[in-house]
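Analysis of the macromolecular model
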Amino acid sequence: MSERETIEIKTPSGKHTLTVLSYITGREMRQIENAYLSGTAVNAGTVPTISGEIADKAQDKMFEIMVVSIDGNKENILDRILDMESGDYKFVREQIRLISEGVDIKKKEE
C-alpha cells in the first residue's frame, strides 16, 4: 500500500505544525465509532447517553489515528496535543473533526 497523502496545519499561535492524514478510511472510522460505542448501552425507546470519558476516548483515538507528527516529531502525539494551549488545542480538534467527516480542509482554506 502506498503512503497516504498528508496535510500540514499550523496552529493559530504559530508554535506548532502538525502533519495529519488528509482522510480516514472506513476501517479507521469504525475504530473511532467503536470508541464511542464501547460502554454505551442502548435500550429500545431510550436515548443513549455518552459520558465525557467515552467522548474523550473517541477523540483520543481520532488524534492517534490522524496526527502523524507534531513539529516533525512522531512521539507522544496525544500528550503533546493535550498539553497545547487551549486555542491551539481547540483548533486542532476542529480540523481533525472536519477531516474525519470528509471535509477537504485544503479547499476550505482557499
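Scroll up a little and you will see the structure.
Below is a short write-up of the structure. (Residues numbered from 1 in each chain as written. Predicted model: local features only at pLDDT ≥ 70, side-chain atom pairs only at ≥ 80, totals over all residues. Heavy atoms only, no water.)

1. Some details on the pattern of salt bridges
- Tallied over the full model, the rule gives five salt bridges.
- Among the ionic contacts, a cluster of salt bridges with common partners joins Glu94, Arg97 and Glu101. (Salt bridge = Lys/Arg side-chain N within 4 Å of Asp/Glu carboxyl O.)

2. Describing the nonpolar core
- Core analysis: the biggest nonpolar cluster contains 22 residues, and Leu18, Val20, Val67, Ile81 and Ile96 have the highest contact counts within it.
- Elements supplying a minimum of two residues to this core: strand S1 (6–10), strand S2 (17–21), helix H2 (52–66), strand S3 (67–70), helix H3 (77–82) and helix H4 (86–100).
- Of all the elements, H4 adds the most residues to this core, at five residues.
- When residues no more than four places from it in sequence are discounted, the contact partners of Ile96 are Val20, Met62, Phe63, Met66 and Val67. (Core = buried A, V, L, I, M, F, W, Y, C linked by side-chain atoms within 4.5 Å. Buried < 20%, exposed > 50% of the residue type's maximum accessible area, 1.4 Å probe, protein only. Helix = DSSP H or I, 4+ residues; strand = E, 2+ residues; numbered from the N terminus. Contact = heavy atoms within 4.5 Å.)

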